[in-house]
Amino acid sequence: MENNKAIVIDHLTVAYDAKPVLWNISCGFNKAQLTAIIGPNGAGKSTLIKSMLNFIQPITGSIAFSTMEDEQVPYKKMKNKIAYVPQNTTVDWDFPATVLDVVLMGRYGHLGWLKRPGKKDKNVAKQMLLKVGLPTFASRQISQLSGGQRQRVFLARALAQEADIYIMDEPLSGVDMKTEHIIMKLLKKLVEEGKTVIVVHHDLQTVEEYFDHVVFINQEVIAQGSIQGAFTKDNIDKTYHQDRNLGEGEG
């Protein structure tokens, strides 16, 4: 693995019910960069990150993570150093939990077996709520929050994990402009601190402004590289305007 790569995916193929959703995917994600994964609905973007997070087992291929010491390891040896923010729509927001309860979930990887969060963990959680602009919401039920507030709570949970790699599935989808700016400011701050941030993103208009690197996906890798080199009209057209018949996958 190249020393600057946080994650390398090699010849990954994923199928649902024998229909390929991702085909022969090979791509890499650089350390300390903010990378967008973009592509049309059904392109397999969410499937790709779920494979990275070991939620889905591929048919073929490998995924290797690099530690801060540049050791190549599988997901299970890095899982406590990887934070995940799921799509808003996949969460049961009626679950009876407070905002602080949710953010404290990000501390569980730091706790021993059956240990409860202590004062230090609660202080970290409160600091992260302050970072996302919700310091007074700790005791509020998550069901009472707006869409933008919920997304910020899940970002605070990821931040509380104090991870090396952050993987986010459309964190800007359906949020207000204030929340979008808060989220992007925090993600760029993480990169400045040497963290690796990978975002499934849907808005082509903001890719150049927000990201360092881009991976175009439409069941296969269409293109990848720096924003300056890879985010071109030709690559956008190839990704969004060509019919692909490998299978019917999720976004």
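What counts, and where the lines are drawn
Residues numbered from 1 in each chain as written. Predicted model: local features only at pLDDT ≥ 70, side-chain atom pairs only at ≥ 80, totals over all residues. Heavy atoms only, no water. Pairing = 2+ DSSP bridges. Helix = DSSP H or I, 4+ residues; strand = E, 2+ residues; numbered from the N terminus. Axes fitted to C-alpha atoms, helices over the stretch in contact; angles between N-to-C directions. Contact = heavy atoms within 4.5 Å. Phe/Tyr/Trp six-rings, centres within 6.5 Å; stacked < 30°, edge-to-face > 60°. Buried < 20%, exposed > 50% of the residue type's maximum accessible area, 1.4 Å probe, protein only. Core = buried A, V, L, I, M, F, W, Y, C linked by side-chain atoms within 4.5 Å. Salt bridge = Lys/Arg side-chain N within 4 Å of Asp/Glu carboxyl O.

A.B. asks: Explain the sheet that holds strand β9 (residues 213-218) to me, please; I cannot follow it from the model alone.
C.D. replies: Strand order in the open sheet formed by six strands is β6-β7-β8-β3-β9-β10, with mixed pairing between adjacent strands. The sheet is open, and its two borders are formed by β6 (82-85) and β10 (220-226), each paired with just one other strand. Mean inter-strand twist for the sheet, computed between neighbouring axes without regard to direction, equals 15°. Bridge count for strand β3 (residues 34-38) against β9 is four bridges, and the pairing is parallel. Directly across from Ala36, in β9, lies its bridge partner Val214. Where helix α1 (residues 45-52) meets the sheet, its contacts fall on β3, β6, β7 (165-169), β8 (196-200) and β9, and the angle it forms with β7 comes to roughly 150°.

A.B. asks: For this particular structure, what's the right way to read the packing of aromatic side chains?
C.D. replies: Summed over all chains, the structure comprises four aromatic pairs. Their ring planes at 15° and their centres at 6.1 Å tell us that Phe216 and Phe231 sit as a pair that is stacked. Residue Phe216 is found in strand β9, and its partner Phe231 is found in the loop between α7 (227-230) and α8 (233-240); the two are separated by 15 residues along the sequence. Residue class for Phe231 comes out buried when judged on its relative accessible area of 11%.

A.B. asks: Mind showing me how you'd approach the nonpolar core here?
C.D. replies: Across soluble globular proteins, you tend to see nonpolar side chains buried next to one another. Core analysis: the largest hydrophobic core is formed by 52 residues, its most contacted members being Leu129, Tyr166 and Leu187. Those residues in contact with Tyr166 that sit more than four places away from it in its chain are Ala83, Ala158, Leu159, Leu190, Lys195, Thr196, Val197 and Ile198. The next biggest cluster of nonpolar side chains, apart from the first, holds 29 residues, and it includes Leu22, Met78, Ile165 and Val200.

A.B. asks: Can you help me understand the side chain of Thr196 in this one?
C.D. replies: Considering the arrangement of structural elements, one finds Thr196 in strand β8. Setting aside residues up to four positions removed in sequence, Thr196 forms contacts with Ala6, Asn30, Lys31, Ala32, Gln33, Asp164, Ile165 and Tyr166.

A.B. asks: Help me understand the pattern of salt bridges in this model?
C.D. replies: Side chains carrying opposite charge are able to pair once their charged atoms draw close together. Considering all chains together, one arrives at six salt bridges under this definition. The partner of Lys31 in a salt bridge is Asp70, with the nearest N and O atoms 2.2 Å apart. Of this pair, Lys31 sits in the loop between β2 (19-30) and β3 while Asp70 sits in the loop between β4 (60-66) and β5 (72-73), and the two are 39 residues apart along the sequence. Residue classification places Asp70 among the partly exposed positions, given a relative accessible area of 36%. Of the charged contacts, one joins Arg107 and Asp121 as a salt bridge, the two residues approaching to 3.0 Å between their closest N and O atoms. A residue pair is termed long-range when its members are at least 10 positions apart, and Arg107 in the loop between α2 (99-104) and α3 (119-131) and Asp121 in helix α3 qualify at 14 residues. With relative accessibility at 8%, the residue Asp121 sits in the buried group.

A.B. asks: Any chance you could explain unusual backbone geometry here in plain terms?
C.D. replies: Glycine aside, a negative phi is what most residues show, and trans is what most peptide bonds show. The phi torsion at His11 lies on the positive side, around 50°, for a residue other than glycine. If you trace the backbone, His11 turns up in strand β1 (residues 5-16). On the accessibility criterion, His11 (43% relative accessible area) is partly exposed. Notably, Glu162 is not glycine yet its phi reads approximately 50°, a positive angle. On the secondary structure map, Glu162 appears in the loop between α4 (147-160) and β7.

A.B. asks: Honestly, the sheet that holds β2 in this entry has me stumped. Any pointers?
C.D. replies: The four strands are arranged β2-β1-β4-β5 in an open sheet whose pairing can be described as antiparallel. Taken across any chain shown, the strands that pair with only one partner, and hence form the sheet edges, are β2 and β5. The strands touched by α1 are β1, β2 and β4; relative to β1, the strand with the most contacts, the crossing angle is about 115°.

Everything listed here is a matter of geometry and, on its own, says nothing about what the molecule does.
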